Amino acid sequence: MNTKQWAAFLGLSIAWGTSFAWIKIAVQEIGPVTMLAIRLLLGSLFLLAVAAFQKPAWPKSRQEWVVLAVIGITNTAVPFVLISWGQQYIDSTVSSILSGSVPLFVAILAHYFLKDDRLSLGRFVGVLVGFGGVVVLIGQGTAAGGGLGMQAQLAVLLAMVFYAFSAVYTRLKAHDISPVIQSLVPLIVADGLLWLLVPFTEMPFQLPEQLNTWGAILWLAVISSGIAYLLYYYLLHSIGPTRTLLVTYMFPLIGVISGAVFLGEQINLRMITGGALVLFSVLIVNNSLGNLWHWFKARRQPI
């Protein structure tokens, strides 16, 4: 990757890695669906301003509009609801570590749907190690949710499956659509669906009253939604989905740090072990261990 791509990668890591802590803050005052509806509304307005400035080409066919609608549902609406609901009952650190399973799900889906991204033996071993890490994490980090802690973690995992599906689907179907439009239209679709859900899930409607809640929502809207999606689709088209989704490897580190700093969450040995297994698995999946070993041997060669 060049300097611009590395900068985008780091920016996306921070934008999404810190979102778990901000979601945790926001859902302490208002319901997850209401929070998401406001977040995506503000994020859509931000991206509309970007589109007005850049003037990208809009979709010309009905098929492209359908593709964008599917992306909005699978990459935004459904996983956002699952994650935000789950974080009412589990720590943000656990959510961020579980997010490290995305590349594992992508490896499985890509094997069957992308001809140039088959699952080798090494990747299969990595998938097994990663799921071992997920198993270690299950049951950890439950907050004031009692018996809903397990369901909350499974909800976050299901959200990761949706993210993985959407990444493969986007690569197959949306490669000719502008990254700005890929960011904006799915966000509008998802936001429309969420506003339809609000009357059935969280009535009476409640706007946030606390300043820190509004601060969290603004960060999630502008940074974790608007700017993050622009960076995500830029990377998806410039370096491909496999390397783009390496960004999720940074989530456990960033999520654990932000959860400890902003929320005072505790880090225990089981969380460290599970997170290490997940990170180790993604190194195996991408053959990074082999590359590191070759680098180490080259450094040891006599001059």
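Residues numbered from 1 in each chain as written. Predicted model: local features only at pLDDT ≥ 70, side-chain atom pairs only at ≥ 80, totals over all residues. Heavy atoms only, no water.

Notes on the overall build of the chain
Right, on to step 1. The secondary structure content of the chain amounts to 14 helices and zero strands.
Right, on to step 2. When the helices and strands of the chain are listed from N to C terminus, the series reads α-α-α-α-α-α-α-α-α-α-α-α-α-α.
Right, on to step 3. Long-range contacts, defined here as pairs at least 24 residues apart, represent 89% of the contacts in the chain between residues at least 6 apart.
Right, on to step 4. On the chain, roughly 14,100 Å² of surface is accessible, and the fraction owed to carbon and sulfur atoms is 69%. (Helix = DSSP H or I, 4+ residues; strand = E, 2+ residues; numbered from the N terminus. Contact = heavy atoms within 4.5 Å. Areas by Shrake-Rupley, 256 points an atom, 1.4 Å probe, with all protein chains shown as cover.)

Here's the deal with the packing of helix 1 (residues 3-17) against helix 10 (residues 211-238)
Right, on to step 1. Where helix 1 meets helix 10, the closest approach of the two axes is 9 Å, and the angle between their N-to-C directions is 145 degrees. Seen along the crossing, helix 1 lies across helix 10 with a hand that is left-handed. Packed against helix 1, whose contacting residues are Lys4, Gln5, Ala8, Phe9, Gly11, Leu12, Ala15 and Trp16, the element helix 10 presents Trp219, Ile223, Ser224, Ala228, Tyr229, Leu231, Tyr232, Tyr234, Leu235 and Ser238 at the interface.
Right, on to step 2. Considering only residue class, the contact of helix 1 with helix 10 consists of 13 nonpolar, four polar and one charged. (Axes fitted to C-alpha atoms, helices over the stretch in contact; angles between N-to-C directions. Left-handed = near helix turned anticlockwise from the far one by under 90°. Nonpolar A, V, L, I, M, F, W, Y, C, P; charged D, E, K, R; others polar.)

Comments concerning the environment of Tyr163
Right, on to step 1. Position of Tyr163 relative to the elements: it lies in helix 8 (residues 148-173).
Right, on to step 2. Expressed as a C-alpha distance, the spacing of Tyr163 and Pro79, which sit 84 residues apart in the sequence, is 7.1 Å.
Right, on to step 3. With residues up to four places along the chain from it excluded, the contact list for Tyr163 reads Thr74, Asn75, Pro79, Phe80, Ile83 and Val102.

Details of the nonpolar core
Right, on to step 1. Of all hydrophobic cores here, the largest spans 68 residues; its most connected members are Leu12, Trp16, Met35, Ile83, Met160, Tyr229 and Tyr232.
Right, on to step 2. Here the element with the most residues in this core is helix 8; it accounts for eleven residues.
Right, on to step 3. In contact with Ile83, other than residues within four places in its own chain, are Phe20, Ile23, Val156, Ala159, Met160 and Tyr163. (Core = buried A, V, L, I, M, F, W, Y, C linked by side-chain atoms within 4.5 Å. Buried < 20%, exposed > 50% of the residue type's maximum accessible area, 1.4 Å probe, protein only.)

Looking at a nonpolar patch on the surface
Right, on to step 1. Where nonpolar side chains cluster on the molecular surface, the patch consists of Leu41, Leu45, Leu48, Ile188, Trp195, Met203, Phe205 and Leu207 and spans about 710 Å² of accessible area.
Right, on to step 2. Sorting the residues of the nonpolar patch by element identifies helix 3 (32-54) and helix 9 (179-201) as the ones contributing at least two each.
Right, on to step 3. Residue contributions to the nonpolar patch peak at three residues, all from helix 3.
Right, on to step 4. Topologically, Leu45 is positioned in helix 3. (Patch = residues over 30% accessible without salt bridge, like charges linked within 9 Å, V, L, I, M, F, W, Y side chains within 5 Å. Salt bridge = Lys/Arg side-chain N within 4 Å of Asp/Glu carboxyl O.)

Observations concerning the packing of aromatic side chains
Right, on to step 1. Scanning the model with the defined rule gives ten aromatic pairs in all.
Right, on to step 2. The interplanar angle of 20 degrees and the centroid separation of 6.4 Å between the aromatic rings of Trp58 and Trp65 together place this pair among those described as stacked.
Right, on to step 3. The class of Trp58 is partly exposed, set by a relative accessible area of 41%.
Right, on to step 4. The class of Trp65 is partly exposed, set by a relative accessible area of 39%.
Right, on to step 5. Taken together through their ring pairs, the aromatic side chains of Trp16, Tyr229, Tyr232 and Tyr233 make up a single cluster. (Phe/Tyr/Trp six-rings, centres within 6.5 Å; stacked < 30°, edge-to-face > 60°.)

With respect to the packing of helix 3 against helix 4 (residues 62-86)
Each pair of packed helices can be described by the angle between their axes along with the distance between the axes.
Right, on to step 1. Interaxial distance between helix 3 and helix 4 falls to 9 Å at its minimum, and their mutual angle equals 135 degrees. On the basis of the axis angle, helix 3 is oblique to helix 4. In this structure, helix 3 crosses over helix 4, and the sense of that crossing is right-handed. Contact residues: Pro32, Met35, Leu36, Arg39 and Leu40 in helix 3; Thr76, Phe80, Val81, Ser84 and Trp85 in helix 4.
Right, on to step 2. Among the residues forming the contact of helix 3 with helix 4, the class breakdown is seven nonpolar, two polar and one charged. (Parallel < 35°, antiparallel > 145°, perpendicular 65-115°, else oblique.)

Things to note about helix 6 (residues 102-113)
Right, on to step 1. Compared with the 16 Å implied by 1.5 Å per residue over twelve residues, the 16 Å span of helix 6 between its first and last C-alpha is a close match.
Right, on to step 2. Of all the positions in helix 6, only Val102, Pro103, Leu104, Phe105, Val106, Ala107 and Ala110 are classed as buried. (Expected span 1.5 Å × (residues − 1).)

Observations regarding helix 3
Right, on to step 1. Helix length check: helix 3 (23 residues) gives 32 Å between terminal C-alpha atoms against 33 Å at 1.5 Å per residue, within 8%.
Right, on to step 2. In the stretch just after helix 3, Lys55 is the one whose phi turns positive, near 55 degrees.

Examining the side chain of Ser19
Right, on to step 1. Note that Ser19 resides in helix 2 (residues 19-26).
Right, on to step 2. Of the polar contacts made by the side chain of Ser19, one reaches the backbone oxygen of Trp16; its length is 2.6 Å.
Right, on to step 3. Ignoring any residue separated from it by four or fewer positions in sequence, one finds Ser19 in contact with Leu220 and Ser224. (Polar contact = N/O pair within 3.5 Å; in protein donor to acceptor, adjacent residues only side chain to side chain.)

Structural notes on the confidence of the model for the chain
Right, on to step 1. The share of residues in the chain with pLDDT of 70 or more is 72%, and the mean pLDDT across the chain is 79.
Right, on to step 2. Helix 3 holds the highest mean pLDDT among the elements of the chain, 92, whereas helix 14 (residues 288-300) holds the lowest, 48.
Right, on to step 3. Taken as a whole, residues 141-145 scores under 50 in pLDDT and shows 14 contacts with residues more than four places along the chain or in a different chain.
Right, on to step 4. Scored below 50 in pLDDT, residues 289-296 shows three contacts in the model against residues more than four places distant or in partner chains. (pLDDT = per-residue confidence, 0-100.)

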